[in-house]
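Take a look at the letters that make up each chain.
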Amino acid sequence: QVQLVESGGGLVQTGGSLRLSCAASERTISAMGWFRQTPGKERDFVAAISRSGGRIYYSDSVKGRFTISRDKAKNTVFLQMNSLAPEDTAVYYCAAKRTWGADPSPGTNDYDYWGQGTQVTVSS
């Protein structure tokens, strides 16, 4: 079973930055993504990246502020979050697909593996 371990969450002021990391236990995974969730709401898509890094997608709410990237050698995906706002406060989850060559996509049901989540809190 592939394990995903997120790190890098924390408390930051409005306008600040954080960098999240997600390390996968195996190299066989394909596309990876980041999602976020607040209490009582559905898990929302944030960003996703293909295995090669050549295809990247962002939600409209983070486009221009967040950057997803990937270190293929270490099988790690990053989410650089800049210009953070209180509405970015959520638990952020890393996700991965097992099908080789799968495209990144925004649906939670598209992903096979999930991390445990890391809390990001943006104070006003």
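Model, not experiment: these values are computed from the prediction. (Residues numbered from 1 in each chain as written. Predicted model: local features only at pLDDT ≥ 70, side-chain atom pairs only at ≥ 80, totals over all residues. Heavy atoms only, no water.)

Caption draft 1: Spatial organisation of the sheet that holds strand S8 (residues 76-81). An order of S1-S3-S8-S7 is seen for the four strands of this open sheet, with the pairing classed as antiparallel. Whereas interior strands pair on both sides, the edge strands pair on one side only; in this sheet they are strand S1 (4-7) and strand S7 (66-71). Strand-to-strand twist of the sheet, defined as the mean angle between neighbouring strand axes without regard to direction, takes the value 15°. Taken together, the six bridges between S7 and S8 define a ladder with antiparallel strand orientation. Paired with Ile68 across the bridge in S8 is Leu79. (Pairing = 2+ DSSP bridges. Helix = DSSP H or I, 4+ residues; strand = E, 2+ residues; numbered from the N terminus. Axes fitted to C-alpha atoms, helices over the stretch in contact; angles between N-to-C directions.)

Caption draft 2: A look at the packing of aromatic side chains. For the structure shown, the criterion picks out four aromatic pairs. Geometrically, the ring pair formed by Tyr111 and Trp114 is edge-to-face, given 6.3 Å between the ring centres and 65° between the ring planes. The exposure class of Trp114 is partly exposed, given its relative accessible area of 28%. These aromatic residues form a ring-pair network of at least three members: Phe35, Phe45, Tyr111 and Trp114. The ring of Trp114 carries the charged tip of Arg43 above its face, separated from the ring centre by 4.9 Å. If you follow Lys97 out to its NZ or CZ, it ends over the ring of Tyr111, 5.1 Å from the centre. (Phe/Tyr/Trp six-rings, centres within 6.5 Å; stacked < 30°, edge-to-face > 60°. Buried < 20%, exposed > 50% of the residue type's maximum accessible area, 1.4 Å probe, protein only. Lys NZ or Arg CZ within 6 Å of the ring centre and 35° of its normal.)

Worth remembering: the numbers are spatial, not functional.
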